[in-house]
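# An overview of the molecular structure
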Amino acid sequence: PQEVAVGDALRGAKMFERVGVPVLGVVENMSYFESPETGKPIAIFGSGGGKRLADELGVSLLGEIPLYPPVREGGDDGRPIVAADPSVSAAKQLTVLAGRVAEAMRAVAAR
């Protein structure tokens, strides 16, 4: 969601477009932090950057993945959050994202 990250991602997407690699969509990582007390999202790094970038590129916003320390821990330990604790919000968001990426891949393959 942070403007500096949006700028970096935009430069990357434009580079891929120049070399003919399709950009499937945008994933906003560390989109928000879920309050442990209330479960409500807290936009630590701002909000809306992923959506603005997706709109600028003419692609879908595929997902907004929360900042959730066990995601990193599981990555370091080789136990993805979707396997370690599929009931948490981050795991659910990553599962939805995987489905959207698969859909986007099918659409590209059908062209």
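Attention in this report is confined to the structure presented alongside it. Counting restarts for each chain: residues are numbered from 1 in the order of the written sequence. Side-chain atom pairs in this predicted model are given and counted only at pLDDT of 80 or more, local residue features only at pLDDT of at least 70, and totals for whole chains, interfaces and linings cover all residues. Excluded from the side-chain calculation are hydrogens and water; included are all heavy atoms of the structure.

## Some remarks on the layout of surface pockets
Buriedness for pockets is judged along seven lines, at least five of which must meet protein on both sides within 12 Å for an open set on the 1 Å grid over protein atoms alone, while cavities are sets there where a 1.4 Å probe fits but cannot get out, and lining residues have an atom within 4 Å of a point. Grid points are joined across faces, edges and corners, and a volume is the space filled by probe spheres set on the points. Put simply, the largest pocket is a space of about 360 Å³. Put simply, DSSP H or I for four residues or longer makes a helix, DSSP E for two residues or longer makes a strand, and each gets a number counted from the N terminus. For the lining of the largest pocket, the elements supplying multiple residues, two or more each, are helix H1 (3-18), strand S1 (25-28) and helix H2 (49-57). No other element matches the seven residues that H1 contributes to the lining of the largest pocket. Residue type decides the class: Asp, Glu, Lys and Arg count as charged, Ala, Val, Leu, Ile, Met, Phe, Trp, Tyr, Cys and Pro as nonpolar, and the leftover types, Gly among them, as polar. Residue classes in the lining of the largest pocket are distributed as 14 nonpolar, six polar and two charged.

## Some remarks on the pattern of salt bridges
Any Lys or Arg side-chain nitrogen found within 4 Å of a carboxyl oxygen on Asp or Glu counts as a salt bridge. For the structure on display, the rule yields six salt bridges. The closest approach of N and O atoms between Glu-17 and Lys-14, which form a salt bridge, is 3.7 Å. Within this pair, Glu-17 and its partner Lys-14 are both found in helix H1, separated by three residues, close to a single helical turn. The partly exposed category is assigned to Lys-14, whose relative accessible area is 33%. Here Glu-73 and Arg-72 are joined by a salt bridge, their closest N and O atoms 3.8 Å apart. When accessible area is computed with a 1.4 Å probe and restricted to protein chains, residues below 20% of their type maximum are described as buried, those above 50% as exposed, and intermediate ones as partly exposed. Glu-73 sits in the partly exposed class, given a relative accessible area of 36%. One connected set of salt bridges, linked through shared partners, spans Arg-72, Glu-73 and Asp-76.

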